[in-house]
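# Report on the structure
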Amino acid sequence: MDVYELRTHRKVASRELDGDDMTCPGSITATESVYSRISDPAVHRLLDPLTR
């Protein structure tokens, strides 16, 4: 996740965040994408230190 300052559009931080769904599909093709949900508390843990 890239975080930008709203006023200047300057990149403030770049963080990686794992999804909450830790299961994998049995198989996928090269043209498919795999998505995972991210819980609100996980996003807050990631972003809270940047807002202080």
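Residues numbered from 1 in each chain as written. Predicted model: local features only at pLDDT ≥ 70, side-chain atom pairs only at ≥ 80, totals over all residues. Heavy atoms only, no water.

### Thoughts on the pattern of salt bridges
Here is the rule: Counted as salt bridges are all cases of a side-chain nitrogen of Lys or Arg within 4 Å of a carboxyl oxygen of Asp or Glu. Relative accessibility under 20% of the residue-type maximum defines a buried residue, over 50% an exposed one, and the middle range a partly exposed one, all with a 1.4 Å probe and only protein chains included.
A complete count under the given rule lists two salt bridges for this structure. The closest approach of N and O atoms between Asp2 and Lys11, which form a salt bridge, is 3.6 Å. Lys11 sits in the partly exposed class, given a relative accessible area of 43%. Here Arg10 ties to Glu5 by a salt bridge, and the two come within 3.9 Å at their closest N and O atoms. Overall, Arg10 belongs to the partly exposed group, its relative accessible area being 47%.

Coordinates in, geometry out; function isn't part of it.
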